[in-house]
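Secondary and tertiary structure notes
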Amino acid sequence: MSPVRGSATRGPAARNPAARGSSTRGSSARGSAAALAALLAGAALSGCGARSDAATQEAAPPPVASAPAAPTAPAAPSTAPPAPDAASGGVPTGPPPSPGRMLGARGSWKITTYYTAVESFHHGRPKAVRGCPELHCSHGTAPLGSYPSDFLDVVRTEGSGRLTSGPNAGRYLNWSHSVGWWLDTTTRDAGARPLRAWGSAAADRSVLARGQRFAVTGCGRDDAGKPVPAHVCAAFRNATWTVTDLFRPGYGGEHHADVYIGEETGPGFTDYYTTLTGATISAA
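Residues numbered from 1 in each chain as written. Predicted model: local features only at pLDDT ≥ 70, side-chain atom pairs only at ≥ 80, totals over all residues. Heavy atoms only, no water.

1. Observations regarding helix 3 (residues 149-158)
Buried within helix 3 we find F151, L152, V154, V155, T157 and E158. In this fold, the buried residues of helix 3 make contact with strand 2 (109-118), strand 3 (126-131), strand 4 (142-148), strand 5 (160-162), strand 6 (172-176) and strand 7 (180-184). After helix 3 finishes, the residue G159 shows a positive phi value of roughly 105°. (Buried < 20%, exposed > 50% of the residue type's maximum accessible area, 1.4 Å probe, protein only. Helix = DSSP H or I, 4+ residues; strand = E, 2+ residues; numbered from the N terminus. Contact = heavy atoms within 4.5 Å.)

Right under this line is the structure:
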């Protein structure tokens, strides 16, 4: 449900925020700028070396009579993707954060949501995917595997999905119109940073600056104009959000925040995949 993000196109930041809040959910809108940021971030990382031991090592103590201990061999870095966080789709249980000053007028906010699909919850006809086997490329043509067609549909909308079968199980399949399909070890915001379930958010920079922390203090109504169920409202009120993405100017709206609710966990998860209209938020 995200508006177009501004600074990169990797990860859910590549989805289409302009479609958020309506029945159409657009994966295309998280903005072509995101890809550039991610590629630049990758280039920066690839050019950075570790600081030399001489620069970082503390002075050794004076020698003693006993023989020095044998040096410990450094552990080989792991290339396996990280295991998914067991609580990545967990709903916050509270207590709610202490609210600070109100941000904007009471009841003036629209809060949309996005999430990470999980392959095992989808059972459509397998469909082959080609793209980039790693983060630092675009519009690749390498075979990435075959996955349920309905899972791929959600990934194209939300921007990312966790794979649970085949040789890439545990990795993430991501999509952006400006990049295509690619495999990664995590889901990312527009700056290529890992997303935090019930923590990462995007907003218009003219209203909420990057790094602003906020809490939902009033849920308003859902996008059908109905009261938000109590358990859903409690989850949003118990979370503390940080703006890590910015909408591309003209797409997000002055009082619109798009929040990440983690990985899908099953049928009940759709309760939280909603839109809050007439919501109230405060600094946290």
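2. Brief notes about the packing of aromatic side chains
The geometry of two aromatic rings is summed up by the distance between their centres and the angle between their planes. Enumeration according to the criterion identifies 8 aromatic pairs in this entry. Summarising the aromatic geometry, the rings of Y115 and Y273 are spaced 4.8 Å apart at their centres and angled 75° between planes, so their arrangement reads as edge-to-face. Here Y273 lies in the loop between strand 11 (256-263) and strand 12 (276-283) and Y115 lies in strand 2, a separation of 158 residues in the sequence. With respect to class, Y115 is no different from Y273; both count as buried. Judged by centre distance (5.7 Å) and plane angle (40°), the ring pair of W198 and W241 falls under tilted. One end of the pair, W198, is in the loop between strand 7 and strand 8 (200-203); the other, W241, is in strand 10 (residues 241-246), and 43 residues separate them in sequence. (Phe/Tyr/Trp six-rings, centres within 6.5 Å; stacked < 30°, edge-to-face > 60°.)

3. Some remarks on the state of the cysteines
This structure, assessed with the given rule, holds 2 disulfides. Note on cysteine connectivity: C132 is disulfide-linked to C137, with sulfurs 1.9 Å apart. Measuring the twist about the S-S bond at about -135°, one finds the C132-C137 disulfide to be left-handed. Look at C137 and you get partly exposed, because its relative accessible area is 23%. C219 shares a disulfide with C233; S-S distance 2.1 Å. Between C219 and C233, the disulfide has an S-S torsion of 95° and is therefore right-handed. Within this pair, whereas C219 is found in the loop between strand 9 (213-218) and helix 4 (230-238), its partner C233 is found in helix 4, the two being separated by 14 residues in sequence. Should the bonded cysteines of the protein chain be numbered as they appear in the sequence, the pairing reads 1-2, 3-4. (Disulfide = S-S within 2.5 Å.)

4. Concerning the environment of S98
Structurally, the position occupied by S98 is in the loop between helix 2 (53-56) and strand 1 (102-103). Taking the relative accessible area as the measure of exposure, S98 reaches 66% and is therefore exposed. When the C-alpha atoms of S98 and T240 are compared, they prove to be 9.7 Å apart, with 142 residues separating the residues in sequence. In this view, S98 contacts A283 and A284; residues no more than four positions away in its chain are not counted.

5. Quick notes on the side chain of E119
Locating E119 in the fold gives a position in the loop between strand 2 and strand 3. Once residues within four sequence positions are removed from consideration, E119 is found in contact with Y147, P148, F151, R162, L163, T164 and S165.

6. Describing the pattern of salt bridges
Applying the stated criterion across every chain yields a total of 3 salt bridges. Residues R162 and E263 are paired through a salt bridge, measuring 2.8 Å at the closest nitrogen-oxygen approach. On the criterion of sequence distance, the pair formed by R162 in strand 5 and E263 in strand 11 is long-range, its members being 101 residues apart. An identical accessibility class is assigned to R162 and E263; each is buried. We note a salt bridge from D189 to R193, for which the minimum N-O separation is 3.0 Å. Residue classification places R193 among the partly exposed residues on the basis of a relative accessible area of 36%. (Salt bridge = Lys/Arg side-chain N within 4 Å of Asp/Glu carboxyl O.)

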